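Residue-level structural notes
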Amino acid sequence: MTNLCLCFNVRQPVYMNRFTVFDIGKNKEHFHDKKNDHQLNDAAKKIYRHTNSMILRLLENNIDFKATYIISGLSLEQFEKYHPDILESFKNLVATGRVELLSQPYYSQLSFFYSGKEFKDQVRLYEKKIKEIFSYKPKTFFSELTLSKSLIKTIEDLGYKIIMAKDNSNNQNFIYKTKNSKSSIILINTGLSDAVNHSFTEASLTKHPLTVDKYVDKINKEGRNAHSVNLFIDYSSLGFRHTKSSKILSLIANLPEAFLESTANDFKTPSGITQVYPPKTNFKIPRRELSPSG
């Protein structure tokens, strides 16, 4: 039996105008609207329209399929400004009731090192945006930063009891908690995620191309006797980093059916995983403690 959490990471880059010393004191627009509009138009054609439609079909056609999304605050702003139809397609995904949205700071996770208050303010701003657009309250917090006692405490102070994070020092297929923490910590399987995000088109790899059968076999091997295999797939991989001609969309489209061929297998969201398994209490935190400045 294997549990699979499929999380999609949506981050649309934002471009700024160039500034020189001669622009000081001038009322010049910070953001490059024309370039942002052009880039989002390109991404809409190459990624968002067909990928969102594909995921919606998978959700509608298979009641056992579930997905998780983390969408940056600036991405949501751009969808609202330039492509409301893309934002509507994300709302359709969430409306199925089988998509979990994760929380994060609105602008940058690095704000944690500048100011604990700034970090919390950005998280609350993001929560407000998610509620405004999706009428949704996230249960799980996603951290890009190396977990530390102070970071976990700050996230718990914001009301979160589930944290999804990247970590290479612990077995990535189990749920954890620290000794003095109440939070469940879910780790991203970086190897299996990178097989899609970075290595999918590398012909030099021994098992290239990565077919859905090969991928499911890898997932089942790592998920056996574990809590969950947690994949973190960048949307930019599904059309930009790897083009449609690479057949990467075919891999994602066929993954649910191939994975669920084993009737013992199941798709989970982060909050769903924590309802099934009690966390292990031996999570290793790096010795170097990183804390906010104030």
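Coordinates for the structure precede this section.
Below: a short report on this structure. Given the structure is predicted, the values throughout are model-derived calculations rather than measurements.

1. Structural notes on the packing of helix 2 (residues 73-82) against helix 5 (residues 116-134)
Across the interface, helix 2 lies against helix 5 with an axial gap of 10 Å and an inter-helix angle of 35°. Viewed along their axes, helix 2 and helix 5 form a crossing whose handedness is left-handed. Each of Gly 73, Leu 76 and Glu 80 in helix 2 lies in contact with helix 5, whose residues at this interface are Tyr 126, Lys 129, Ile 130, Glu 132, Ile 133 and Phe 134. Considering only residue class, the contact of helix 2 with helix 5 consists of five nonpolar, one polar and three charged.

2. Concerning the packing of aromatic side chains
Any pair of aromatic rings gets described here by the distance separating the centres and the angle formed by the planes. In the structure shown here, the tally under the stated rule is 19 aromatic pairs. Judged by centre distance (5.4 Å) and plane angle (75°), the rings of Phe 112 and Phe 119 are edge-to-face. An identical accessibility class is assigned to Phe 112 and Phe 119; each is buried. Arranged with centres 5.7 Å apart and planes meeting at 55°, the rings of Tyr 176 and Phe 283 form a pair that is tilted. Residue Tyr 176 is located in strand 6 (residues 175-176), and its partner Phe 283 is located in the segment after helix 10 (270-274); the two are separated by 107 residues in the primary sequence. As far as the burial class goes, Tyr 176 and Phe 283 line up, both buried. Grouped by ring-pair contacts, the aromatic residues Phe 8, Tyr 48, Tyr 69, Phe 79, Phe 90 and Tyr 235 constitute a single cluster. Residue placement shows Lys 280 over the ring face of Phe 174; its charged tip is 4.9 Å from the ring centre.

3. Here's the deal with the pattern of salt bridges
Per the stated rule, a full pass over the model turns up 13 salt bridges. Here Lys 129 and Glu 132 are joined by a salt bridge, their closest N and O atoms 4.0 Å apart. In this pair, Lys 129 and Glu 132 are both assigned in helix 5, three residues apart and thus about one turn of the helix distant. The exposure class of Lys 129 is buried, given its relative accessible area of 12%. In this structure Glu 132 comes out as exposed when scored by relative accessible area, which is 53%. Several salt bridges converge on common partners, so that one network encompasses Glu 80, Lys 129 and Glu 132.

What counts and how
Residues numbered from 1 in each chain as written. Predicted model: local features only at pLDDT ≥ 70, side-chain atom pairs only at ≥ 80, totals over all residues. Heavy atoms only, no water. Axes fitted to C-alpha atoms, helices over the stretch in contact; angles between N-to-C directions. Helix = DSSP H or I, 4+ residues; strand = E, 2+ residues; numbered from the N terminus. Left-handed = near helix turned anticlockwise from the far one by under 90°. Contact = heavy atoms within 4.5 Å. Nonpolar A, V, L, I, M, F, W, Y, C, P; charged D, E, K, R; others polar. Phe/Tyr/Trp six-rings, centres within 6.5 Å; stacked < 30°, edge-to-face > 60°. Buried < 20%, exposed > 50% of the residue type's maximum accessible area, 1.4 Å probe, protein only. Lys NZ or Arg CZ within 6 Å of the ring centre and 35° of its normal. Salt bridge = Lys/Arg side-chain N within 4 Å of Asp/Glu carboxyl O.

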